[in-house]
Amino acid sequence: AKAEGGNRACFFEPAMDDKLRARRSLEGDLRQALAAGELAVHFQPQVELGNTRIIGAEALVRWHHPERGAVPPTDFIPLAEDTGLIGTLGEHVLRQACLEAVGWAPLRIAVNVSPLQFRQRDLAETFARILAETGFDPRRLEVEITEGALLQDSEQTLEKLRRLKALGVRIVLDDFGTGYSSLSYLRQFPFDKLKIDSGFVRGMDRSAESAAIIRAVIGLSHSLGIRVNAEGVETSGQLQALRREGCEEAQGYLFGRPMPPREFAALLRDQAVP
Ligand code: C2E
Ligand code: CA
Ligand code: CA
Ligand code: CA
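Note that the structure is predicted; figures quoted are calculated from it, not measured. (Residues numbered from 1 in each chain as written. Chains lettered and ligands numbered in written order. Predicted model: local features only at pLDDT ≥ 70, side-chain atom pairs only at ≥ 80, totals over all residues. Heavy atoms only, no water.)

Q: Looking at this structure, I do not really get helix H9 (residues 208-223). What am I missing?
A: Since there are 3.6 residues in each turn of an α-helix, residues three or four apart along the chain are aligned in direction. If you check H9, its first and last C-alpha atoms are 23 Å apart, about what 16 residues at 1.5 Å a residue would give, namely 22 Å. Those residues of H9 not exposed but buried are Ser210, Ile214, Val217, Ile218 and Ser221. Buried residues in H9, looked at end-on, bunch into an arc of 95°, giving them a common side. In H9, the exposed positions that point more than 90 degrees away from the buried face belong to Ala208, Glu209, Arg215 and Ser223. Contacts made by the buried residues of H9 are with strand S6 (170-176), strand S7 (193-196), helix H8 (198-203), strand S8 (227-230) and helix H10 (236-244). Downstream of H9 by one or two residues, Gly225 has phi in the positive range, about 75°. (Helix = DSSP H or I, 4+ residues; strand = E, 2+ residues; numbered from the N terminus. Expected span 1.5 Å × (residues − 1). Buried < 20%, exposed > 50% of the residue type's maximum accessible area, 1.4 Å probe, protein only. Arc of directions from axis to C-beta. Contact = heavy atoms within 4.5 Å.)

Q: It is not clear to me how helix H11 (residues 261-271) should be interpreted in this structure. Could you clarify?
A: Every buried residue of H11 is accounted for by Pro261, Phe264, Ala265, Leu268 and Gln271. Projected down its long axis, H11 carries its buried residues within an arc of 115°, all on one side. Away from the buried face of H11 by more than 90 degrees, exposed residues Arg262, Arg269 and Asp270 are located.

As structure tokens, this is what we get:
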């Protein structure tokens, strides 16, 4: 029998049955973890390349399962999307991120918003409510979206992005370069920032093509008045090259991994030299 993939017949095989059962059980656990408020939020520093200072952080959800240990978001985010839990998860992450980071002004906090959350009619109103409840200044919030959100009903999505922007929230296009028709989106949607996918950054040292793409993306973004963040920066070689190209900010293990709020707060204190 085929181990993986498109063969529909394998759906009925016992191995797939086990997979389904495992998925159902994980879904039940996720539902419970959400209800119990067990999902945590970690923060990864974003730095200004001019002076290498922390100017913000991306909030990334973490799930420590009592038996399985750390479950990666790439496993449970799709599950949450398939089971309708993503709305609740997204609101939880936003609330936690705001509560933890409210005292870190003027730092900006970026949260990831799933394309499926854009199906929620009152998305912007929900965000406004959570911002008001937590006292978090909307001008310090960034919403990271992927092309997937724009592919859906672009009119509806555009309307929600406009309402978020009206609150003062910034809109960031995540994973730039991994999709299909990114260039037209730049014209169509009101992005404040674009994040170059880590794949290109990784290729920078090695391939002239990656470096050329990065140069072109930065040039294009700047001519449209859009700020650029380079993701997945791991080496000082990449950092130097990005500086040379005029990239404004970066994020990656070179500056810090995603870390619990306490650790991030300590990092900020260390930076606050007179
Ligand atoms: P993303 O939004 O592209 O987030 C960046 C991912 O790259 C994070 O993985 C981060 O830990 C990782 N990363 C950062 N710097 C480096 C680096 O220098 N090298 C390498 N190899 N990796 C780096 P993470 O936290 O596992 O998240 C994976 C994805 O899960 C995210 O990709 C995002 O799509 C999704 N995700 C995470 N948290 C949330 C959330 O709260 N809501 C939603 N909707 N999606 C989330
Ligand atoms: Ca992101
Ligand atoms: Ca990304
Ligand atoms: Ca990604």
